[in-house]
Protein chains: 4
Amino acid sequence: MTQEITTASAAAPATHGYSGEKDAYLKRLKRIEGQVRGIARMVDEEKYCIDILTQVAAINKALHAVSLGLLEDHIAHCVVDAAQESQATGNPDLVQDKVQEAAAAIGRLLR
Amino acid sequence: MTQEITTASAAAPATHGYSGEKDAYLKRLKRIEGQVRGIARMVDEEKYCIDILTQVAAINKALHAVSLGLLEDHIAHCVVDAAQESQATGNPDLVQDKVQEAAAAIGRLLR
Amino acid sequence: MTQEITTASAAAPATHGYSGEKDAYLKRLKRIEGQVRGIARMVDEEKYCIDILTQVAAINKALHAVSLGLLEDHIAHCVVDAAQESQATGNPDLVQDKVQEAAAAIGRLLR
Amino acid sequence: MTQEITTASAAAPATHGYSGEKDAYLKRLKRIEGQVRGIARMVDEEKYCIDILTQVAAINKALHAVSLGLLEDHIAHCVVDAAQESQATGNPDLVQDKVQEAAAAIGRLLR
């Protein structure tokens, strides 16, 4: 089974959890990019600091939503796939590595 | 299979991801409880605000570590078990519910 | 003037921004301490991980509210007093030190 | 005195706390904008979710640094100025409004 997977991933680009919603993510990131540019414009026009900070908080929130979405997709696909492959192959390390990796990513987001 | 699991959980308390490390968690929570009491004492003795805030930041960090640990244990056990049971029973809903629940919990921690 | 302040603080305990609301803070911290104990109880009784994480998120929120209150009181009193004393004494360092200290505290809370 | 200030701000654009470091902020925001674009590229090229999340965490950190800088500049200038003007005019509301506004901004960043 591992063999098949390796072959498949050699033949085609790997599909990740978020692949099905790629366009939605790209759209959200485009909007965040525009928000960052908007803040730069506010700084350039010397807008009031508090108004700029309000915009920064809005970007934080949008980025959190993106990262939460990616995390959910990651767990739903990569972690779940590894869990099932672990069972099929009798190798628990496959899923344990994925879980630790996901936890480390969550930790970086929680800071 | 679900039947067996139900029977087992009727006979014994459910085991969760963190069960094996219960004592370690209890110890960490005891320490956090003491830190909160320490802050109350600082307030009562009218200590300098900034020093109190430094202690609050330390508690935040300790709580983050606890929640990250619980999350990792949860994914490693409950989510992984559900993934494997989903496969065994051919019912993808089992794991999807668990993933959504975990993502919602992460979202509450990211705020 | 610095002399007078030193004398004053030797004679009486320093009053901080939060002094007027000491009882309210102590009550909130008492409640947070109880919440931490509640989580320990949940772990001890092997409650479901997600329910425990929901409680951790509630504590995070309560601690944020406390730290925000302390910060606001600190700025409203210590920083403002230093600003006015800086002006009175013509020594800008007084207030600059306080501002840097407050910013460092905010930074620790933002992590 | 309020009159003079009004006149001044009518004649010239208001100077805010961050004005002296405008270029440094613009440079940092430019870099963050590039980081967001980098994430969009990673999504488009279907890079591994965890690597994308690592980049999101880096942006969070960079945004936190920007907001902390803006907050410090805001307190050091707008709040301190209001404190001194409050004293000069005998009107405590001036500074209280600024402090509340700053605390609300901090609260939005802490979430």
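Structural data are supplied above this passage.
Predicted model only: the values in this text are computed from it and were never measured.

Some remarks on the overall build of chain A
A count of helical and extended segments in chain A gives 4 helices and 0 strands. Counting from the amino terminus, helix and strand elements in chain A follow one another as α-α-α-α. Split into buried and exposed, the 111 residues of chain A put 46% on the buried side. Here the contacts in chain A between residues at least 6 apart in sequence split such that 56% fall between residues at least 24 apart. For chain A, the accessible area works out to roughly 5300 Å², and carbon and sulfur atoms hold 52% of it.

Points about the environment of Gln35 of chain B
Note on placement: Gln35 of chain B falls in helix α2 (residues 22–44). In contact with Gln35 of chain B, not counting residues within four places along its chain, are Ala58, Ile59 and Ala62 of chain B.

Examining unusual backbone geometry
Positive phi, normally seen in glycine, also occurs at Glu46 of chain A, with a value near 55°. With respect to the helices and strands, Glu46 of chain A occurs in the loop between α2 (22–44) and α3 (49–89).

Description of the packing of aromatic side chains
Residue and element names in this part refer to chain C. Using the criterion set out here, one finds 4 aromatic pairs over all chains in the structure. Centroid distance Tyr18 to Tyr25: 6.3 Å. Interplanar angle 90°. Geometry classified as edge-to-face. Judged by its relative accessible area of 0%, Tyr18 falls in the buried class.

Structural notes on the packing of α2 of chain A against helix α2 (residues 22–44) of chain D
Packing of α2 of chain A against α2 of chain D leaves a shortest axis separation of 9 Å and a crossing angle of 175°. The angle between α2 of chain A and α2 of chain D places the two elements in the roughly antiparallel class. In contact with Lys22, Tyr25, Leu26, Leu29, Ile32, Glu33, Val36, Arg37, Ile39, Ala40, Val43 and Asp44 of chain A of α2 of chain A, α2 of chain D contributes Lys22, Tyr25, Leu26, Leu29, Ile32, Glu33, Val36, Arg37, Ile39, Ala40, Val43 and Asp44 of chain D. Residues of the contact of α2 of chain A with α2 of chain D, tallied by class, amount to 16 nonpolar, no polar and 8 charged.

Examining the nonpolar core
Grouped together as the largest cluster of nonpolar side chains are 136 residues, with contacts concentrated most on Ile52 of chain A, Ile52 of chain B, Ile52 of chain C together with Leu29, Ile32 and Ile52 of chain D. Leu29 of chain D has contacts with Val36, Ile39, Ala40 and Val43 of chain A together with Val66 of chain D, leaving out every residue within four places of it along the chain.

Observations regarding the interface of chain A and chain D
The interface is formed by 45 residues belonging to chain A together with 45 residues belonging to chain D. At the boundary of chain A with chain D, total buried surface from both sides reaches about 4200 Å², with 69% on carbon and sulfur atoms. Taken as a group, Glu46, Tyr48 and Leu53 of chain A account for 15% of the area that chain A buries against chain D, more than any other trio of residues on that side. Across the contact surface, chain A and chain D share 6 salt bridges. Here Arg37 of chain D ties to Glu33 of chain A by a salt bridge, and the two come within 3.0 Å at their closest N and O atoms. Our count for the contact surface shared by chain A and chain D stands at 14 residue pairs in polar contact (both at pLDDT 80 or more). Here the side of chain A that touches chain D takes 16 residues from α3 of chain A, the largest share from any one element. Residues belonging to the side of chain A that touches chain D are distributed by class as follows: 26 nonpolar, 9 polar and 10 charged.

Description of the environment of Tyr48 of chain B
Position of Tyr48 of chain B among the secondary structure elements: in the loop between α2 and α3 (49–89). Setting aside its immediate chain neighbours within four residues, Tyr48 of chain B contacts His16, His74, Cys78, Lys98 and Glu101 of chain C. At 2.4 Å, the side chain of Tyr48 of chain B and the side chain of Glu101 of chain C are in polar contact.

A word on the relation of the copies chain A and chain D
Mapping chain A onto chain D is achieved by rotating through 180° and translating by 0.0 Å along the same axis, at an RMSD of 0.0 Å. In short, the pair behaves as if placed about a two-fold rotation axis. Closest approach to the rotation axis within chain A is made by the C-alpha atom of Glu33 of chain A, at a distance of 2.8 Å. An overlap of 100% is found between the interface residues of chain A and their copies at the interface of chain D, pointing to a shared contact surface.

Brief notes about the pattern of salt bridges
In total, this model carries 28 salt bridges over all chains according to the counting rule given. Through salt bridges with shared partners, a single network forms among Lys30, Glu33 and Arg37 of chain A together with Lys30, Glu33 and Arg37 of chain D.

Things to note about helix α3 (residues 49–89) of chain C
Residue and element names in this part refer to chain C. Over its 41 residues, α3 runs 57 Å from end to end, which matches the ideal 60 Å to within 8%, given 1.5 Å per residue. At His74, α3 shows its maximal bend, which comes to roughly 35°. Following α3 by one or two positions, Gly90 adopts a phi angle in the positive range, close to 70°.

Regarding the packing of α3 of chain B against helix α4 (residues 93–110) of chain B
Residues and elements named next belong to chain B. Put simply, α3 and α4 touch, their axes get as near as 8 Å, and they point 165° apart. Regarding the angle of α3 to α4, the classification is roughly antiparallel. At the point where α3 passes α4, the crossing takes the left-handed sense. Residues Ser67, Leu71, His74, Cys78, Val79, Ala82, Ala83, Glu85, Ser86 and Thr89 of α3 pack against Leu94, Val95, Lys98, Val99, Glu101, Ala102, Ile106 and Leu109 of α4. Looking at the contact of α3 with α4, its residues break down into 11 nonpolar, 4 polar and 3 charged.

Calculation notes
- Residues numbered from 1 in each chain as written.
- Chains lettered and ligands numbered in written order.
- Predicted model: local features only at pLDDT ≥ 70, side-chain atom pairs only at ≥ 80, totals over all residues.
- Heavy atoms only, no water.
- Helix = DSSP H or I, 4+ residues; strand = E, 2+ residues; numbered from the N terminus.
- Buried < 20%, exposed > 50% of the residue type's maximum accessible area, 1.4 Å probe, protein only.
- Contact = heavy atoms within 4.5 Å.
- Areas by Shrake-Rupley, 256 points an atom, 1.4 Å probe, with all protein chains shown as cover.
- Phe/Tyr/Trp six-rings, centres within 6.5 Å; stacked < 30°, edge-to-face > 60°.
- Axes fitted to C-alpha atoms, helices over the stretch in contact; angles between N-to-C directions.
- Parallel < 35°, antiparallel > 145°, perpendicular 65-115°, else oblique.
- Nonpolar A, V, L, I, M, F, W, Y, C, P; charged D, E, K, R; others polar.
- Core = buried A, V, L, I, M, F, W, Y, C linked by side-chain atoms within 4.5 Å.
- Buried area = accessible area lost by both parts, 1.4 Å probe.
- Salt bridge = Lys/Arg side-chain N within 4 Å of Asp/Glu carboxyl O.
- Polar contact = N/O pair within 3.5 Å; in protein donor to acceptor, adjacent residues only side chain to side chain.
- Least-squares fit on C-alpha atoms with pLDDT ≥ 70 in both.
- Expected span 1.5 Å × (residues − 1).
- Bend = angle between axes of the 7 residues up to and from the residue.
- Left-handed = near helix turned anticlockwise from the far one by under 90°.

Bear in mind that shape data such as this cannot, by itself, settle questions of function.
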